[in-house]
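Geometric and topological summary
Listed below, chain by chain, are the residues.
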Amino acid sequence: MSEEMYKKLAQAVIDGEADDAEALARQALDQGLDPLACITNGLTKGIQQVGELFASGEYYLPELIISADTMKVAMDILEPALAGGQEREVVGRVVIGTVEGDLHEIGKTLVGTMLSANGFQVTDIGVDKTAAEFIEAVKENNATIVGASALLTTTMLQQKKIIEALDEAGLKNQVKVMVGGAPVTQSYADQIGADGYAEDAISAVDIAYRLADAPA
Amino acid sequence: MIKLEERKASIKPIKSKLKISILDDQEISQINQNTRTVLEEIGVVFPSDKALKIFAEVGANVDFEKQTVKIAADLLDKYLATSPRNYTMAGARPDLDVHVGDGKGTYFYCSGESPRVVDFSTGERRLSVKEDIANHARIADYLPIISLMWPSASASDKGETSPLHGLEACFTNSEKHVESESVMDEVSARYAVEMAIAVSGSEEKLRERPVLSQLLCCIQPLAQDRGGIEAAMIFAEYGIPVGFMSMPTLGLTAPPYPAGALTIAMAETLSGIMLTQIINPGVGNYISVNPGIVDPRTGAYFMGSAVAQMTNVSGVQMAHSNGIPILACHSFGGSQYELGNWQAGYENLYSHLLGVMAGADMSFGPSGMYEAVSLLDHPRILFDREMLRVIDEITDGVDVNPKTLAFDMIKEMGHKGGYISHRETGKFYRTTWPKESILYDDGKPEGRKWRDPKDVAREAITWILENHKPEPMSESVKQELRQIVDRADKDDSIKREISGHK
Ligand code: B1M
């Protein structure tokens, strides 16, 4: 019975059927199934397949995002039910946002979505976020990676402020910082002491994997 | 090769005999109606208390908590009525003034604020600096097809005051009208106004012939930028024209359909125009609709696509139906693709051509941009210029008159042909064969071989950079500009403003 439920959960994610996913997640808990197994063998399998479909060009971005949203709906039901000490397996916990004074959100959202679809737990804090808001989100989510996006020459300086604020808060050794955006370059990233720079969403996933593997 | 000679700056619009209209009257009125319903029922977010108070005072339905303004159609139309269809964006001399809406055709911008450049000497891609802006301003000053300019790149060597350094670099290296696309806070706006007053000579002269304007992007969907809108309020107060641009990304920040995306764009831009008209009735405004799409396979942002282009050009009719001028040509006169890339060529050609044929008052023209306005390459500007040269010719249409019907010529030549030896043919070629082109270069006398236009363009840019000296600005005005920017550099409140009010 549990195998069948895992399959259904995976399929709901693949089809992007949020209502089904929600109903199935509740049903699974009612039936006393292990929430962690439902996540690992159901939802995660589904999103992995979606990732493959996207990579092969079969799925387009809207489907990828709808599936990621569907997964989140079910996750919001299953995760609180995890037994104490149980944690779903994630590659890394990412807090991502666009820096203060900057309202460009397309690239940041895309990077966040791609990271989610690749097994990272992503908290997207939105646009126009201060260094303090980044720090708060890092603490709240026990993040391992901070992603800061900046699209303006006048706001890219905020990426440095975030790194300095992490340092001041004594968090610099716990998290890795990844930066990106149109005016940002590898040399700028090096100069401000970021741990990673990605030119686009695809390479952001590679960099995030590298940062996740790197010893904290 | 284009004619390279020492000369003063001049400007030249393109007037098209050929006309296209995408929307019929009923479609225009449906979109206008939809826009007004959106403004009335959904409203636009203005995250500025100052702006909200101004809207509330004139009777708009303001929710201060949600920072949203809902506007009844008759209230909107009352304020749109004072936004002029014709006005001046001035250059340093009256013959460089752009008389928006004067019926002389489409005036071209050199767009800008590129974060990166291709270094002209080394070919290396790097972050742009102030000197790049100064160089590109001199190139734009030299080319008559450019009538107005943005700082072409961002001064990454100047940090938060990069927008003001950009203006300084343009004012001191060109006599043409300068527009800021990056002054996005009230404090910087006040410095920019001071600079414009210095260039004009007095506040009164600035109001009469504004040498500066501002382009402000609305935030999709249905919102404005706090700092940007507060800057716009300062500019409007001083009679400085303010353009509002909407960049709906179809299916991302706006509905995927052009009609819905146009509705979003019109609601955003018209609400901004209304605010500036409340502040200073009669101040110049324009609209720009710059749609994009997302590559659904990778998420990459695209400015060139048939559907986005159609949406952009439809904006011309939408703006004009509201009595507002428009700046057309989506993609900021650039393309997604690299120079030398076939797709960049065709995308650029159709986006330039359609704007002119639709009767846009202004359009992004030769800019030297690619990679979706994020990379500037100086020689590229001559490729854009080349397209406009062709467009100028095409949009002249076909002359039909007794001379061109050429009955006498046909009779004279009869069945033997050989028109090449006819005197009229000689005259025709003399006027028609493009002398001012980088494409048909006949090379050095010894060679007479086709030369790669890239080499020809490089030579021309080298010549312009080495030889073109814009009419010098008086030393005292230069000094004044320097002092203003210097003061701004030391003003910590700019940093606070850019960071927001948090
Ligand atoms: C954490 O780790 C990572 C890793 C990788 C990361 C990352 C983080 N973040 C990004 N990446 C990377 O991966 C992503 C996916 O592949 C990529 O993200 P991107 O964001 O680069 O790519 C996206 C998928 C698609 N790209 C985009 O979405 C940006 C495209 C361009 C054209 C652009 C857009 C669309 C917009 N804009 Co703006 N805009 C431009 C942009 C030019 C350009 N080509 O970048 C740029 C950035 N804008 C500019 C400007 C000036 C402005 N914009 C403004 C506004 C807007 C819109 C709101 C209209 C709109 C954004 C809509 C939205 N909701 O996000 C204003 C600022 C508003 C503000 N306060 O932020 C305004 C100031 C204009 C005005 N006068 O109002 C220029 C900046 C100049 C500079 N050097 O500072 C600009 C380069 C265009 C230009 N040349 O004029 C990579 O960079």
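Residues numbered from 1 in each chain as written. Chains lettered and ligands numbered in written order. Predicted model: local features only at pLDDT ≥ 70, side-chain atom pairs only at ≥ 80, totals over all residues. Heavy atoms only, no water.

Attention now goes to the overall build of chain A. Within chain A one finds nine helices and five strands. Element order for chain A, N to C, with α for helix and β for strand: α-α-α-α-β-α-β-α-β-α-β-α-β-α. On C-alpha atoms alone, chain A measures out to a radius of gyration of 18 Å, which is about the 17 Å that the 2.2 N^0.38 rule sets for 216 residues. Summarising its shape, the C-alpha atoms of chain A cover approximately 55 × 40 × 30 Å along the three principal directions. Within the span of chain A, comprising 216 residues, buried residues form 49% of the whole. When contacts within chain A are restricted to residue pairs at least 6 apart in sequence, long-range pairs at least 24 apart make up 71% of them. Surface summary for chain A: the accessible area is close to 9800 Å², and the carbon and sulfur share equals 48%. Charge-centre separation for chain A: the mean point of 15 positive side chains lies 5 Å from the mean point of 34 negative side chains. (Helix = DSSP H or I, 4+ residues; strand = E, 2+ residues; numbered from the N terminus. Rg over C-alpha atoms; globule rule 2.2 N^0.38 Å. Buried < 20%, exposed > 50% of the residue type's maximum accessible area, 1.4 Å probe, protein only. Contact = heavy atoms within 4.5 Å. Areas by Shrake-Rupley, 256 points an atom, 1.4 Å probe, with all protein chains shown as cover. Lys, Arg positive; Asp, Glu negative; His and termini not counted. Charge placed at Lys NZ, Arg CZ, Asp CG, Glu CD.)

The next thing to look at is helix 7 (residues 157–168) of chain A. Residue and element names in this part refer to chain A. End to end, helix 7 covers 17 Å across twelve residues, agreeing with the expected 16 Å (1.5 Å per residue, within 8%). Every buried residue belonging to helix 7 is among Gln158, Gln159, Ile162, Ile163, Ala165 and Leu166, and all of these are buried. Along the long axis of helix 7, the arc covered by the buried residues comes to 160 degrees, so they all point the same way. With respect to the buried face of helix 7, the exposed residues turned more than 90 degrees away are Asp167 and Glu168. Gly170 occupies a position one or two residues after helix 7 and carries a positive phi of about 70 degrees. (Expected span 1.5 Å × (residues − 1). Arc of directions from axis to C-beta.)

The next thing to look at is the nonpolar core. If you look at the biggest cluster of nonpolar residues, it comprises 140 residues, and the most contacted ones within it are Phe55, Leu143 and Phe235 of chain B. With eleven residues, the top contributor of residues to this core is helix 9 (residues 258–279) of chain B. A domain-level breakdown of this core finds at least three residues from each of domain 1 (80–396 + 485–489) and domain 2 (403–467) of chain B. Contact partners of Phe235 of chain B, with chain neighbours within four places excluded, come to Val183, Ala189, Ala192, Val193, Leu212, Gln214, Ile240 and Val242 of chain B. Of all hydrophobic cores here, the second largest spans 47 residues; its members include Ile47, Leu110, Ile145 and Ala204 of chain A. (Core = buried A, V, L, I, M, F, W, Y, C linked by side-chain atoms within 4.5 Å. Domains from an automatic or database assignment.)

Attention now goes to the environment of Thr311 of chain B. Residues and elements named next belong to chain B. Tracing the backbone shows Thr311 in helix 10 (residues 306–321). Taking C-alpha positions, Thr311 is 9.3 Å from His330, a pair spaced 19 residues apart along the chain. Contacts of Thr311, omitting those with residues within four sequence positions, involve Leu250, Pro258, Ala261, Leu262 and Pro291.

Let's shift gears to the domain arrangement of chain A. Residue and element names in this part refer to chain A. Under the domain assignment, chain A is made up of domain 1 (2–81) and domain 2 (93–213). Here the C-alpha centroids of domain 1 and domain 2 sit 27 Å apart. Between domain 1 and domain 2, the residue contacts involve six residues of the former and five residues of the latter. Summing both partners gives a buried area of about 490 Å² for domain 1 against domain 2, and 83% of it is carried by carbon and sulfur. At the boundary of domain 1 with domain 2, the tally comes to zero residue pairs in polar contact (both at pLDDT 80 or more). At three residues, the largest contribution of residues to the side of domain 1 that touches domain 2 is made by helix 4 (residues 61–78). Of the residues belonging to the side of domain 1 that touches domain 2, the class tally is five nonpolar, no polar and one charged. (Buried area = accessible area lost by both parts, 1.4 Å probe. Polar contact = N/O pair within 3.5 Å; in protein donor to acceptor, adjacent residues only side chain to side chain. Nonpolar A, V, L, I, M, F, W, Y, C, P; charged D, E, K, R; others polar.)

What follows covers the sheet that holds strand 17 (residues 327–328) of chain B. Residues and elements named next belong to chain B. One open sheet accounts for eight strands, arranged 14-12-11-10-9-6-18-17; its pairing is parallel. Strand pairing shows two members of the sheet lacking a second neighbour, strand 14 (285–289) and strand 17, which therefore form its edges. Alignment of strand 11 (residues 212–217) against strand 12 (residues 242–246), held across four bridges, turns out to be parallel. Considered in strand 12, the bridge of Leu216 is made with Phe244. Docked against the sheet, helix 9 engages strand 12 and strand 14, running at close to 160 degrees with respect to strand 14. (Pairing = 2+ DSSP bridges. Axes fitted to C-alpha atoms, helices over the stretch in contact; angles between N-to-C directions.)

Here we take up the interface of chain B and chain A. Counting residues at the interface gives 24 residues for chain B, matched by 26 residues for chain A. With both chains or domains summed, chain B and chain A bury close to 2000 Å², and 64% of this area falls on carbon and sulfur atoms. Across the chain B-chain A interface, the total number found is zero salt bridges. For the side of chain B that touches chain A, the elements supplying multiple residues, two or more each, are helix 5 (162–173) and helix 18 (492–499) of chain B. Classifying every residue of the side of chain B that touches chain A by side-chain character gives ten nonpolar, nine polar and five charged. (Salt bridge = Lys/Arg side-chain N within 4 Å of Asp/Glu carboxyl O.)

This brings us to the domain arrangement of chain B. Residue and element names in this part refer to chain B. Entries for chain B in the domain assignment read domain 1 (80–396 + 485–489) and domain 2 (403–467). Taking only C-alpha atoms, the centre of domain 1 and the centre of domain 2 are 34 Å apart. With 16 residues of domain 1 at the contact, the number on the domain 2 side is 17 residues. A combined buried area of about 1500 Å² lies between domain 1 and domain 2, and 71% of that area is made up of carbon and sulfur atoms.

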